[in-house]
Structures are given as C-alpha cells and as structure tokens.
Amino acid sequence: MRSHLLNDTTAEQYRRSVTEGVERVAAKLATTGRPFTGVTVDALSPRIDGIDLDEPLHDTTAALDELEDVYLRDAVYFHHPRYLAHLNCPVVIPAVLGEAVLSAVNSSLDTWDQSAGGTLIERKLIDWTCARIGLGPAADGVFTSGGTQSNLQALLLAREEAKTEDFGSLRIFASEVSHFSVKKSAKLLGLGPDAVVSVPVDRDKRMQTVALARELERCTKDGLVPMAVVATGGTTDFGSIDPLPEIAGLCEQYGVWLHVDAAYGCGLLASLKYRDRITGIERADSVTVDYHKSFFQPVSSSAVLVRDAATLRHATYHAEYLNPRRMVQERIPNQVDKSLQTTRRFDALKLWMTLRVMGADGIGELFDEVCDLAAEGWRLLAADPRFDVVVQPSLSTLVFRYIPADVTDPAEIDRANLYARKALFASGDAVVAGTKVAGRHYLKFTLLNPETTTADIAAVLDLIAGHAEQYLGDSLDRAS
Ligand SMILES: *Cc1c(COP(=O)(O)O)cnc(C)c1O
C-alpha cells in the first residue's frame, strides 16, 4: 500500500496516475456535446448504491472506468456554452494547474510552519486585491471557502465593533434581494430573529437609499444599534449593484460598518471597461470577493478583505500547539490568526498562477466579454414579444419569463415557465436557472462563459418557448 503514498520513490506512479486522469477529462471535454445528459436521480442512484466501498478495485484505470459511469458521463459541465444557470464559471487552465500543484504539495495555510512561501503568496494576493479595491494602507484580509464564509466573518467583525453585549438590539440592513447568507450569518452570530432589516429596492433592483436612511433613523430612534449595512456589489439574481457612494455616505453619517458583498461583482475589479460600475467599494469596512465566480477560478477561491487590519483580531485565538502568542512578537505570520478555519487549502495559488500567466487584464477581458454578451442578450429579449425581461444588466445575468400571447392567468404562465426549465434540464440541451420576482416564477441566465454567443442565447430562448408552448398545448388538451 505504501506505493500509493506520494513521495520521492513514487514519482513515476504519480505522473502516470495523474496524467491518466487528465487524459480522461481532456477526452471528456472534447466529446461533450451538451452541458448535461439529463440523467435523473432515480437513474443515477443505483449505479452509486451498487458500489461496495469495502471492495476496492486496486487499479487506477478500473477506478477511472467506474468514475466514468458514476460521475463523468452525467456531470453538469460548466464549460459548455449552453450552461447558463448558476454563478459557475468555466475555469482557466493556469488555475487548474495551480490546483494540481497545491493538492500535491498539500500546504496548509493556517501557519507559517505548514506553508512558508504559501503564506507569503496568499498575503501578497490579499494586498493586491485590497489595492484593486482601494481600501487604503491599513487593509488586510484572508482567503476563505466562499462568499458565505466571507460574509459571516465580515459580520462577526462588525458585531464585535458594534461594542454591545446586547445582541438582541443589533440590526443589519441589507436589500430585499441580498444574499441569504446574510440572514444565515445573523443567526450563527446569535442575533435576534428580527436582526436583518430588509431594505426595498428600486426598479433596477438596487437598494433604495431613501428607505435605508429611513430605516437607520428609525433604528436609532428605537434605541436599537445599527450594526452593519450590507451593500451588494452584484446581486445573485439580477447582478444589480447597490448605490455604493450614497450608502457609504449614510454609513459614515450613522457610524455604521459598511460591508460590500461583491461575491459576484468582484470581476469588475479586473475589468478594462466597467470598473466604474463598482465605484464606492473603496469606502467599505469589509468586502467579500468570490474569485470562483468572476475570476474564472475553480471552487473554492474567495476572500474577505477589511479596511483596518486590526479588526481581524476578533477572529484571533491562540493555541500553544499551533500559533502561540509569542509568535506574534516574533513576527511569524500565522494566517490562522485571521481566519475562521484552521487547516486551510492553499487556494490562493490558483489565483497566483492565473495572474502570473494571464495577468489581471486577461481576467478582466473575459469578464467584460460576458457583460457585453448579457447586454446583447437583453436587447434580444427586449425585442422579443414572447418574453418579459426584468432589468437591464449591470453584470452578466438576465432574468426573464415566457409570456404566451393568448394566456392571461398568471399561475398558468408560472407553470409554463417552471415546466420549460425542467424540460430543458431533462433534455440536457441547456441548463438555465429560475427565481421569483414579485411572487412570480421567472427564468434566469447567468452568463459567465465567454464562449457563449448571442446565437446560443437565441437558440436557448427558442427551446424555452418551445417547451412552454408544449406545456400550454397539453394543458389545453387536459382541460378539454
Ligand atoms: C454566491 C454569492 C454568495 C455566496 O457565496 P458562496 O461562494 O456560494 O458561498 C454571497 N453573496 C452573493 C451576492 C453571491 O452571489
């Protein structure tokens, strides 16, 4: 069994084994004609259930053959130009290379003595990101597992900075279309059930600052403590960007922590054309960025950044075995002092390789392309009488629904759209997402693949219309 340990004596097996895996994936990519096969849970479950984990195959090729059957054949492929559903990007090759290196060396970024250069690389990328945002000379941050953890950590810092033991009095203000991880964080942080105040949005799905001002005023009048405003720099559904400068002004006025959730919109930090859309982010106290959404990085790759490094102390705990207090005096950089995690992947290496090979402009160029594609898609939808489209995109999502010419019952229109999404998924021809707008069912394209064309968008819209019409036709038959 020792032959399976990666070390100086097994280099050849390592090379062969990983190369074989890479060859399989490369072959798969070359022959995948659809983003999905449409496999059902019922069809796939028995294949996985049928495998006895206590009966190993003792052979890499056999295990890869089996993997083809239980995973690769029916996986959902984000690289396919007709995968248009969630915030998943196709990944860039330098990052995948970084992934291969980081898991082989297996550094753990909690302490200097488990990572050395890894810690310094991560810190440099954090400084780079802070500089892109414009957070100033005292800024700092740390890589996290994703936007959910970044938001949680930012709100932990905000809670501590609010300097009250009375958690029930704390209030967080976030727009009604902000990410659900804000509410989840409030719960994890021990705040009360009414802690998150939902601020209404305007027609473009951006937080109404007049309403925010009113809520802040009311909160203070009621003797409650405004803990944080979460402005979203690219909402998950609409890509809408809250008016950051106005919100920052209100936060200054009321002395409230400003967190900007740019999990999605962070791609603008590298943009060559649209950087100004996220102006105001530099006034945040903390920022969430998901490189695994708009920097074309493999999952996971995310960070939380703060204006004042000192605030990260709220996540600092010392353990004799790991990061004793004296190491701080010795100026030994232990990233665990800033992190909610202990053992932690060297995800930063993926971004490092990306920046060293392609450069930030390379990423920005790709992100600009998908923003331009969304603008084209919006023009298509707005000109097409079969569809109702919600907002003109600031980033790269499109929310719309099919509206049949001769049906007026909104519930029936809902059902037709739900059916179209399901039927499309089952066909595997394309994958799209769904959401609700004002209580009604809508469909969503999240465009993160520069290989997707307007012709793809037009073709998928035709498929959607076809499925919806099929449903309505069948529904008429059922009624008669
Ligand atoms: C995706 C998203 C999150 C959550 O990030 P994960 O990486 O999925 O944990 C938070 N906020 C916004 C606005 C998002 O789009």
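The shown structure was predicted, so the numbers you read here are calculated from the model rather than taken from an experiment. (Residues numbered from 1 in each chain as written. Predicted model: local features only at pLDDT ≥ 70, side-chain atom pairs only at ≥ 80, totals over all residues. Heavy atoms only, no water.)

Participant: Sorry if this is basic, but what is going on with a nonpolar patch on the surface here?
Facilitator: Residues Leu6, Tyr14, Val18 and Val22 make up a contiguous nonpolar surface patch of roughly 350 Å² in combined accessible area. With respect to the secondary-structure elements, valine 18 resides in helix α1 (residues 11-31). (Patch = residues over 30% accessible without salt bridge, like charges linked within 9 Å, V, L, I, M, F, W, Y side chains within 5 Å. Areas by Shrake-Rupley, 256 points an atom, 1.4 Å probe, with all protein chains shown as cover. Salt bridge = Lys/Arg side-chain N within 4 Å of Asp/Glu carboxyl O. Helix = DSSP H or I, 4+ residues; strand = E, 2+ residues; numbered from the N terminus.)

Participant: Is there a simple way to think about the domain arrangement of the protein in this case?
Facilitator: Reports often express the size of an interface as the amount of accessible area lost when the parts come together. The domains assigned to the protein are domain 1 (2-31 + 37-75), domain 2 (107-357) and domain 3 (361-479). Taking the mean C-alpha position of each, domain 1 and domain 3 sit 35 Å from one another. (Domains from an automatic or database assignment.)

Participant: When you look at the nonpolar core in this model, what are you seeing that I'm missing?
Facilitator: As a rule of thumb, soluble globular proteins bury nonpolar side chains together. Leu212, Val229, Leu258, Val260, Val287, Leu305 and Phe367 are the most contacted members of the largest nonpolar core, which has 61 residues in total. Taken domain by domain, this core gets at least three of its residues from each of domain 2 (107-357) and domain 3 (361-479). Among all residues touching leucine 305, those that are not within four sequence positions of it are Ile126, Thr129, Cys130, Ile133, Leu135, Asp140, Gly141, Asp285, Ser286, Val287 and Val289. Grouped together as the second largest cluster of nonpolar side chains are 25 residues, Val389, Leu398, Ala420 and Ile457 included. (Core = buried A, V, L, I, M, F, W, Y, C linked by side-chain atoms within 4.5 Å. Buried < 20%, exposed > 50% of the residue type's maximum accessible area, 1.4 Å probe, protein only. Contact = heavy atoms within 4.5 Å.)

Participant: Help me understand the UniProt feature "modified residue: N6-(pyridoxal phosphate)lysine" (unreviewed entry) in the protein in this model?
Facilitator: In the numbering used here, UniProt assigns the feature "modified residue: N6-(pyridoxal phosphate)lysine" (unreviewed entry) to Lys293. Mapping lysine 293 onto the fold places it in helix α10 (residues 291-294). Excluding residues within four positions of it along the chain, lysine 293 makes contact with Leu87, Cys89, Ala263, Tyr264 and Leu448. (UniProt positions renumbered as here; feature names shortened; annotations may be inferred.)

Participant: Help me understand the packing of aromatic side chains in this model?
Facilitator: Where two aromatic rings form a pair, the distance of their centres and the angle of their planes describe that pair. Scanning all chains against the criterion turns up 9 aromatic pairs. Ring geometry for tyrosine 419 versus tyrosine 471: centroids 5.3 Å apart, planes at 35°, classification tilted. You can see tyrosine 419 sitting in helix α14 (residues 410-427) and its partner tyrosine 471 sitting in helix α15 (residues 454-479), a full 52 residues away along the chain. Tyrosine 419 gets classed as partly exposed once you look at its relative accessible area, which sits at 32%. When its relative accessible area of 12% is taken as the criterion, tyrosine 471 is described as buried. What links up through ring pairs into an aromatic cluster is the set Trp128, Phe143, Tyr291 and Phe295. Here arginine 277 stacks its cationic end above the ring of tyrosine 274, 4.0 Å away from the centre of that ring. (Phe/Tyr/Trp six-rings, centres within 6.5 Å; stacked < 30°, edge-to-face > 60°. Lys NZ or Arg CZ within 6 Å of the ring centre and 35° of its normal.)

Participant: Looking at this structure, how should I read the pairing of strand β2 (residues 140-144)?
Facilitator: Two faces belong to every sheet, and in a regular strand the side chains alternate between them. Of all the 5 residues making up β2, 5 are buried; the element is thus mostly covered by neighbouring parts of the structure. Where burial is concerned, the two faces of β2 agree: the one with Asp140, Val142 and Thr144 and the one with Gly141 and Phe143 are both buried. Where β2 lies against strand β8 (residues 302-306), 5 bridges are found, and the strand directions are antiparallel. From the neighbouring strand, glycine 141 faces β8, where its bridge partner is leucine 305. (Pairing = 2+ DSSP bridges.)

Participant: Looking at this structure, I do not really get the site of the ligand. What am I missing?
Facilitator: In the vicinity of the ligand lie 15 residues, with Gly147, Thr148, Asp261, Asp290 and Lys293 positioned nearest. At 2.9 Å from an oxygen atom of the ligand is found a side-chain nitrogen or oxygen belonging to histidine 292. Separating an oxygen atom of the ligand from a side-chain N or O atom of lysine 293 is a distance of 3.0 Å. Within the complex, the protein chains bury 86% of what would otherwise be the 380 Å² of accessible surface of the ligand. Breaking the shell around the ligand down by element, the ones donating at least two residues are α6 (147-161) and α10. With 3 residues, the top contributor of residues to the shell around the ligand is α6. (Near = heavy atom within 4 Å. Polar contact = N/O pair within 3.5 Å; in protein donor to acceptor, adjacent residues only side chain to side chain.)

Participant: Would you explain the pairing of strand β6 (residues 257-262) in this entry?
Facilitator: Counting buried positions over the 6 residues of β6 gives 6, a clear majority of the element. Pairing analysis gives 5 bridges linking strand β5 (residues 225-232) to β6, with the strands arranged parallel. Its bridge partner lying in β6, valine 229 is registered against leucine 258. The β-α-β motif built from β5, the intervening helix α9 (residues 244-254) and the parallel element β6 has right-handed crossover chirality. (Right-handed = clockwise from strand over helix to strand, strands pointing away.)

Participant: Is there a simple way to think about the environment of alanine 416 in this case?
Facilitator: Within the secondary structure, alanine 416 sits in helix α14. Taking relative accessible area as the criterion, alanine 416 reaches 0% and is therefore assigned buried. Along the sequence, alanine 416 and isoleucine 403 sit 13 residues apart, while their C-alpha atoms lie 8.9 Å from each other. Not counting the four nearest positions on each side in its chain, alanine 416 is found in contact with Ala468, Tyr471 and Leu472.

Participant: Just to check I follow, could you spell out the sheet that holds strand β1 (residues 83-84) for this structure?
Facilitator: One key point about sheets: their strands pair by backbone hydrogen bonds, in either a parallel or an antiparallel sense. As summarised here, the arrangement of the 5 strands in space is β1-β11-β12-β10-β9, forming an open sheet in which the pairing is mixed. Of all the strands in the sheet, the pair left with one neighbour each is β1 and β9 (387-389). Across 3 bridges, the pairing between β9 and strand β10 (residues 397-402) is antiparallel. From the neighbouring strand, aspartate 388 faces β10, where its bridge partner is arginine 401. Of the strands in this sheet, β9 and β10 are in contact with helix α13 (residues 360-383), which crosses β10 at around 20°. α15 rests against β1, β9, β10, β11 (431-437) and β12 (440-446) of the sheet, and its axis sits at about 30° to β10. (Axes fitted to C-alpha atoms, helices over the stretch in contact; angles between N-to-C directions.)

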